[in-house]
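# Reading the structure
Take a look at the letters that make up each chain.
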Amino acid sequence: MADYYTGKKEYFPKIGKIKYEGPRSANPLAFKYYNPEKLVGKKKMKDHLRFAVAYWHSFCADGTDPFGSVTHPHPWVTDGKTPMDIAEHRMDAAFEFFTKLGVGFYCFHDRDMAPEGSSPAESEKNLFTMVARAKKLQKATGIKLLWGTANLFSNPRYMNGAATNPEFDVLAIAANQVKSAIDATIELGGQGYTFWGGREGYMTLLNTDLKREKDHIGRFLGLARDYARKQGFKGIFYVEPKPMEPTKHQYDYDVETVALFLKNYGLEKDFRVNIEANHAELAGHDFFHELETAAALGIFGSVDANRGDFINGWDTDQFPWSYYETALAMYAILKAGGLSAGGLNFDAKIRRNSVDPADLFIAHIGGMDAFAAGLEIANRVIKDGVIPGFVKKRYGSFSTGSGAKFEKGQLSFTDLAKLGGEKYGKAGITSGRQEYLESVFNQYLLGL
Ligand code: XLS
Ligand code: CA
Ligand code: CA
């Protein structure tokens, strides 16, 4: 059993269970808006928001960037004797963090949890040793696995892609790795399994057969799904769109691109999208757009809640803080029927110069508060009904008469043209009232 639970070692000894203290609290280690048991509409906040912590950024990332070395020397790493020893201590620290923070879920890559061995068999053994420990810790704490995934981008063998690698052997090695990661996810009762195509794209088309690569990854995902279903996996598969970085062009560019990809390869029944706010921005969209698009296409699944920086054009993976962003996101999510089996995963890292051990807590608390406030604002928008009512009315001409017939497919193009001929006049000169709606939204933001 883990160090923390046997009382042998605490990794965050100065920090206790984080509590809700309300908006006026000056305690950085308390929630200001996230009050897990509070009812918002018919559900508790914690059930609306389904927060998850990302294992990789929180317990593996060490502040290294292309310009500098480690700034976060984690005690579970510096005290560790072997890679497996480090992995065990890291997991204990992780579960201590999850419980003190009070989140219900976590997400992991195979290689975050267990070190790669010198053979596939050794890697699998390492992973399953750690899975056994995680299973005990999940049972002791009630923390659940939102989704698992395989890291198919760090090892040099994946420099030309994994499922889209021009060499068949690499694709087969990736399958071997994904099989173990799926088995691990099933063993831990994971509610989802994610595919993020980090190196599944190209750096130049001069060396790339785009058609073959897309066919290969389409087939790969289908085979992985069939395997997982056969093993009894009942959860949701996610593709996580991202337009670029580390490749120049990634095949799962954005939600719309992924939707077509899923249809083309017969994956649309089992797969949904895991939408990351930061990736939406990199694709030239806003987060709201990607969420609404996914909902419209019936593939909305889960969320990576980390944002970018509008001034920087890369994946900064920062914790959310803007109420506009979280309120618009929660508005889209509530309209889509909520998160169901998905969650809000903080795929975010503290800044390199955030070196106080409390910073990891404060970052998550801030992100959770931002989404809790966003949820309340979105709930007010929906409850009050002015904005949704405006939209409904705006399309009212399609709800009755000829408009309704058109939507039901009861008009031919000739019928339509004939009606158009009769409708000449003032049609179309109607205000979209954007500024009005924006100012109404601002009122909800302040709770009015
Ligand atoms: C990287 C991605 C990655 C996925 C999981 O940009 O966000 O962290 O979420 O592989
Ligand atoms: Ca990211
Ligand atoms: Ca992500």
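Read on for an overview of the structure. (Residues numbered from 1 in each chain as written. Chains lettered and ligands numbered in written order. Predicted model: local features only at pLDDT ≥ 70, side-chain atom pairs only at ≥ 80, totals over all residues. Heavy atoms only, no water.)

## Brief notes about the nonpolar core
In terms of nonpolar packing, the biggest core is built from 116 residues, with Tyr 55, Phe 98, Leu 101, Tyr 106 and Met 113 touching the most fellow members. For this core, the element with the most residues is helix α14 (residues 359-384), which contributes 11 residues. (Core = buried A, V, L, I, M, F, W, Y, C linked by side-chain atoms within 4.5 Å. Buried < 20%, exposed > 50% of the residue type's maximum accessible area, 1.4 Å probe, protein only. Helix = DSSP H or I, 4+ residues; strand = E, 2+ residues; numbered from the N terminus.)

## What about a nonpolar patch on the surface?
A contiguous nonpolar surface patch, about 360 Å² in accessible area, is contributed by Val 391, Tyr 395, Phe 398 and Phe 406. Mapped onto the elements, Phe 406 comes out in helix α16 (residues 401-407). For Phe 406, a relative accessible area of 41% translates into the label partly exposed. (Patch = residues over 30% accessible without salt bridge, like charges linked within 9 Å, V, L, I, M, F, W, Y side chains within 5 Å. Areas by Shrake-Rupley, 256 points an atom, 1.4 Å probe, with all protein chains shown as cover. Salt bridge = Lys/Arg side-chain N within 4 Å of Asp/Glu carboxyl O.)

## Observations regarding the site of ligand 1
In the region of ligand 1, the neighbouring residues are Trp 56, His 109, Trp 196, Glu 240, Lys 242, Glu 276, His 279, Asp 304, Asp 315 and Asp 347. Within the side chain of Glu 276, a nitrogen or oxygen atom sits 2.8 Å from an oxygen atom of ligand 1. The separation between an oxygen atom of ligand 1 and a polar side-chain atom of His 279 is 3.2 Å. Protein contact buries 94% of the 300 Å² of open area that ligand 1 shows by itself. Taken together, the residues of the shell around ligand 1 sort by class into two nonpolar, two polar and six charged. (Near = heavy atom within 4 Å. Polar contact = N/O pair within 3.5 Å; in protein donor to acceptor, adjacent residues only side chain to side chain. Nonpolar A, V, L, I, M, F, W, Y, C, P; charged D, E, K, R; others polar.)

## Considerations on the packing of helix α8 (residues 168-187) against helix α9 (residues 210-230)
At a closest axis distance of 10 Å, the pairing of α8 and α9 adopts a crossing angle of 35 degrees. Helix-helix and strand crossings are classified by hand; for α8 and α9 the assignment is right-handed. The segment α8 lies against α9, with Leu 171, Ala 174, Ala 175, Val 178, Lys 179, Ile 182, Asp 183 and Ile 186 engaging His 216, Phe 220, Ala 224, Tyr 227 and Ala 228. Residues of the contact of α8 with α9, tallied by class, amount to 10 nonpolar, one polar and two charged. (Axes fitted to C-alpha atoms, helices over the stretch in contact; angles between N-to-C directions. Left-handed = near helix turned anticlockwise from the far one by under 90°. Contact = heavy atoms within 4.5 Å.)

## Digging into the coordination of the calcium ion (ligand 3)
Ideal geometry at a metal gives 109.5 degrees between four tetrahedral donors and either 90 or 180 degrees between six octahedral ones. Taken together, the protein donors to the calcium ion (ligand 3) comprise Glu 240 (OE), Glu 240 (OE), Glu 276 (OE), Asp 304 (OD) and Asp 347 (OD), at separations of 2.2 to 3.2 Å. All donor residues of the calcium ion (ligand 3) come from one chain, and their arrangement in sequence is E-x35-E-x27-D-x42-D. A spacing of 4.4 Å is found between the calcium ion (ligand 3) and the calcium ion (ligand 2), which share Glu 276 as a donor. With Glu 240 in the loop between β10 (236-239) and β11 (249-250) and Glu 276 in strand β12 (residues 271-276), this pair connects stretches of sequence that are 36 residues apart. This pair shows no difference in class: Glu 240 is buried, exactly as Glu 276 is. (Donors = N, O, S within 2.8 Å, 3.2 Å for Na, K, Ca; no water.)

## Regarding the coordination of the calcium ion (ligand 2)
Within the protein, Glu 276 (OE), Glu 276 (OE), His 279 (NE2), Asp 315 (OD), Asp 315 (OD) and Asp 317 (OD) serve as the donor atoms for the calcium ion (ligand 2), at 2.2 to 3.0 Å. Binding-site remark: the calcium ion (ligand 2) is held by donors from one chain whose sequence spacing is E-x2-H-x35-D-x1-D.

## Some remarks on the packing of α14 against helix α18 (residues 434-445)
Packed helices, taken two at a time, are described by the angle their axes make and the gap between the axes. At a closest axis distance of 9 Å, the pairing of α14 and α18 adopts a crossing angle of 120 degrees. Here α18 runs oblique to α14, going by the angle between their axes. The handedness of the crossing between α14 and α18 is right-handed. Residues Ile 377, Arg 380, Val 381 and Asp 384 of α14 pack against Phe 441, Tyr 444 and Leu 445 of α18. Considering only residue class, the contact of α14 with α18 consists of five nonpolar, no polar and two charged. (Parallel < 35°, antiparallel > 145°, perpendicular 65-115°, else oblique.)

## Some thoughts on helix α12 (residues 287-297)
Looking only at α12, the buried set comprises Phe 287, Glu 290, Leu 291, Thr 293 and Ala 294. The arc that holds the buried residues of α12, viewed along the axis, is 165 degrees, so those residues lie on one side. Lining the buried residues of α12 we find α10 (255-264), β12, α11 (277-282), β13 (300-304), α13 (323-335) and α14. Residue Gly 298 follows α12 closely and has a positive phi angle near 70 degrees. (Arc of directions from axis to C-beta.)

## Observations regarding the sheet that holds strand β5 (residues 51-54)
Taken together, eight strands build a closed barrel; the order of strands is β5-β6-β7-β8-β10-β12-β13-β14 and the barrel is parallel. When the angles between neighbouring strand axes are averaged without regard to direction, this sheet yields 30 degrees. Alignment of strand β6 (residues 105-109) against strand β7 (residues 144-149), held across five bridges, turns out to be parallel. For Cys 107, the partnering residue across the bridge sits in β7 and is Trp 147. Sitting on the sheet, α9 is in contact with β8 (192-195), β10 and β12, with an inclination near 160 degrees to β10. The strands that α14 touches are β5 and β14 (344-346); relative to β14, the one it contacts most, it runs at about 155 degrees. (Pairing = 2+ DSSP bridges.)

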